[in-house]
Amino acid sequence: DLYGNEAVKSRAAELRETLTYLGPSFIKAGQVLANRPDLIRADYMEELCVLQDDVPSFPDEEAFEIIERNLGRTIGETY
């Protein structure tokens, strides 16, 4: 059944996993949706709440690279 309870749970988990795979901006979007009952079903909200408590780590080196690329200078020069 396309709309059965197990199918919905599976699709909600798939959404969470996809947002996680897509990276920090999408994880943040999922976190926002987890608190918007006017936009998303309760069963999806429950699954997306996992993004608030169990987010995979983000490598410091990658974060520094993004920051430096956007600022156009090194972290040391900035701070």
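(A) Just the overall build of the chain, in detail. Along its length, the chain carries 6 helices and 0 strands. The order of α-helices and β-strands along the chain, N terminus first, is α-α-α-α-α-α. The C-alpha radius of gyration computed for the chain amounts to 17 Å, which surpasses the reference 12 Å derived for 79 residues by more than 25%, pointing to a less compact arrangement than a globule. In terms of principal-axis extent, the alpha carbons of the chain reach across some 55 × 20 × 20 Å. When burial is assessed residue by residue, the chain has 22% of its 79 residues classed as buried. The contacts of the chain with a sequence gap of at least 6 include a subset with a gap of at least 24, amounting to 45%. Here the chain displays about 6100 Å² of accessible surface, and carbon together with sulfur accounts for 53% of that area. Side chains of the chain give 8 positive and 16 negative charges; the mean places of these two sets differ by 6 Å.

(B) Expanded view of the side chain of Q31. Note that Q31 resides in helix α2 (residues 24-33). Those residues in contact with Q31, other than ones at most four positions away along the chain, are L51, Q52 and V55.

(C) Up close: the nonpolar core. Membership of the largest hydrophobic core is limited to 10 residues, which are V8, A12, L19, I27, A34, I40, Y44, M45, L48 and L51. Breaking this core down by element, the ones donating at least two residues are α1 (5-22) and α3 (42-48). Ignoring anything within four residues of it in the chain, the contact list for I27 reads L19, T20, L51 and V55.

(D) Region of interest: helix α5 (residues 60-71). Taking 1.5 Å per residue, 12 residues should reach 16 Å; α5 reaches 16 Å between its end C-alpha atoms and fits that length. A positive backbone phi angle near 80° is found at G72, which sits one or two residues after α5.

(E) Structural context of the pattern of salt bridges. What the rule picks out here adds up to 6 salt bridges. Its salt-bridge partner being R16, residue E47 comes within 2.3 Å of it at the nearest N-O pair. Pair noted here: E47 is in helix α3 and R16 is in helix α1, with a separation of 31 residues, a long-range link. Residue classification places E47 among the buried residues on the basis of a relative accessible area of 18%. A salt bridge links R69 to E65, with the shortest nitrogen-to-oxygen separation between them at 3.4 Å. Highlighted residues: R69 and E65, both in helix α5, separated by 4 residues, approximately one helical turn. Salt bridges sharing partners connect three or more residues here, namely R16, E17 and E47.

What counts and what doesn't
- Residues numbered from 1 in each chain as written.
- Predicted model: local features only at pLDDT ≥ 70, side-chain atom pairs only at ≥ 80, totals over all residues.
- Heavy atoms only, no water.
- Helix = DSSP H or I, 4+ residues; strand = E, 2+ residues; numbered from the N terminus.
- Rg over C-alpha atoms; globule rule 2.2 N^0.38 Å.
- Buried < 20%, exposed > 50% of the residue type's maximum accessible area, 1.4 Å probe, protein only.
- Contact = heavy atoms within 4.5 Å.
- Areas by Shrake-Rupley, 256 points an atom, 1.4 Å probe, with all protein chains shown as cover.
- Lys, Arg positive; Asp, Glu negative; His and termini not counted.
- Charge placed at Lys NZ, Arg CZ, Asp CG, Glu CD.
- Core = buried A, V, L, I, M, F, W, Y, C linked by side-chain atoms within 4.5 Å.
- Expected span 1.5 Å × (residues − 1).
- Salt bridge = Lys/Arg side-chain N within 4 Å of Asp/Glu carboxyl O.

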